[in-house]
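Observations on the model geometry
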Amino acid sequence: MVLGTPAPFVSAFVDAIDEAIRAHSPHYGLSTMQRAWLAFCVTAVLVTNSICWARFERASLGRYSLAALSWMFRHSKLPWDELLVASVRVILRHYGLHSGSLVIDDTDNKRSKSAYTLAYLYKLHDKESGGYVWGQSLVFLVLVTPTISLPVGFAFSQPAPELSAWDKKDKALKKQGVPKKPRPSQPPANPLYPTKQALALSLLAQFKTQHPACKVHCITADALYGTAPFVDGASAMFGGMQNTSHIRSNQKVRLHTREQNVYAYFATHPGTPHPIRIRGGEEMVAIVGSARLYVCAHKTKRFVVALKYEGEETSRSLIASDLTWRTLDIVQGQTLRWLVEVFIQDWKSYEGWSQLTKQPGVEGARKSVILSLLVDHALFVHPDQHAQLTHNLPAYTVGSLRAHVQVECLVAVVKHLVSSEAPQEQLHRFTHALHQGFAFGRSKKHMIQRQLGRLGPTTSLKYRAEEVMRNMPALSS
């Protein structure tokens, strides 16, 4: 695709970010050049679906050079830490949003084995193959409002080297049948490598500080964040806010003096069918059972819910920190967790970072993610998307909006050619730049200009082959 100038709605969005930054930190505004660079990069990510300076240069037909774009990314003193915060403020103010639910999830992104210059790389467990792959892992915080769902924070996750070494050795000893007591104990936590639960708590604290006027209804996460420190910490952070997550079916619970696992308890206390509205849309019938039980690992009472939808063989188990909520309200709130997975899928498919991003170093990793998330936010102020949302109509998908932006950029280039004073001359220059930007590549599939080698018999070896065949011993039958 071809890109002439930044999309108008993106330029307006960047100007709004600059105003939001200056309103809170007058000394950290964006210069004219920084605003122009940022608007171009956000538009280029939408057009090329990558964060790659070479692709940006080709899309602009050489108008923006690779070296200049890379230099601005590396050395320009943009307030990167303020960009995402200001962008969230712009979107919330744009749609008049004052409340929502916070959803937490993490995702892995595979990388090449030779990508050693990228930051936060480690061996990830591949669920599809059962083996391990080289990649990066991120924790996301997404705000789900009555109108839109938008990312408001992220953090890279990486395990401590000593913890990885201990885990590998512990698994090997466990496989050999060594009891737990003789095995080495787990090393203490390394503050330089916080866990995903600690990163999630940090993201929640940052959101509360950066957006104090936004009221949070509940916090939702999956089973990884169903630990007592996270559930209690996140709930206390927002003044006893409801915190829901999944727990394992073999988790020990206690009713009065009897201790058993969650699965065994709900096997003797089956639930009843209830209509559940999934994320406020489709209605489904689910078997729901609940009880306020003492969760042994948490050392306190939780609202424990067993949930099984139609067609499922086993039920899933949920816990909630606030015991005053109704059962169906807890279930309804937990269904919002799926929205963060939809965001992650859109982010990986259409917003550049996962497709082709090779910015080395810690700063390169963080800055490129921020740039990618600004793309997600910018689509909320697209004129067509804005019209849908303000008229209470279904929002357009990220993929269709990106395709629309590509067409808009191409049409803008054509309009510039047609309306110029010398269209023929402009067309000639445009065609020449187009051919230079999208030059032919040399194929390695064909053997032309290569040494194929001599493929054929050698006459002097004919007699040697006959001698070998004559002296070959006969096979016994």
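Here, every reference points to the structure presented above.
Computed from a predicted structure; not experimentally measured. (Residues numbered from 1 in each chain as written. Predicted model: local features only at pLDDT ≥ 70, side-chain atom pairs only at ≥ 80, totals over all residues. Heavy atoms only, no water.)

Helices and strands together make up the secondary structure of the protein, namely 16 helices and 12 strands. Taking 2.2 N^0.38 as the reference for a compact globule, 477 residues should give roughly 23 Å; the C-alpha atoms of the protein span a radius of gyration of 29 Å, well beyond that estimate. Along the first, second and third principal axes, the C-alpha set of the protein runs to 90 × 90 × 45 Å. Looking at the protein as a whole, 44% of its 477 residues are labelled buried. Sequence-distant contacts in the protein: of pairs separated by 6 or more residues, those separated by 24 or more amount to 64%. Looking at the protein as shown, the accessible area adds up to about 26800 Å², and 56% of this sits on carbon and sulfur atoms. (Helix = DSSP H or I, 4+ residues; strand = E, 2+ residues; numbered from the N terminus. Rg over C-alpha atoms; globule rule 2.2 N^0.38 Å. Buried < 20%, exposed > 50% of the residue type's maximum accessible area, 1.4 Å probe, protein only. Contact = heavy atoms within 4.5 Å. Areas by Shrake-Rupley, 256 points an atom, 1.4 Å probe, with all protein chains shown as cover.)

If you look at the biggest cluster of nonpolar residues, it comprises 94 residues, and the most contacted ones within it are Trp37, Leu38, Leu83, Leu102, Ile104, Phe154 and Leu204. When residues of this core are assigned to their parent elements, the largest contribution, 10 residues, is made by helix H2 (residues 32-48). Every residue in contact with leucine 38, bar those within four places of it in the chain, is listed here: Val14, Leu30, Leu83, Leu371 and Leu374. (Core = buried A, V, L, I, M, F, W, Y, C linked by side-chain atoms within 4.5 Å.)

Next up on the list: the side chain of serine 137. In this structure, serine 137 sits in strand S3 (residues 132-144). Of the residues examined, serine 137 reaches a relative accessible area of 0% and is grouped as buried. A polar side-chain atom of serine 137 sits 3.0 Å from a polar atom in the side chain of aspartate 108. (Polar contact = N/O pair within 3.5 Å; in protein donor to acceptor, adjacent residues only side chain to side chain.)

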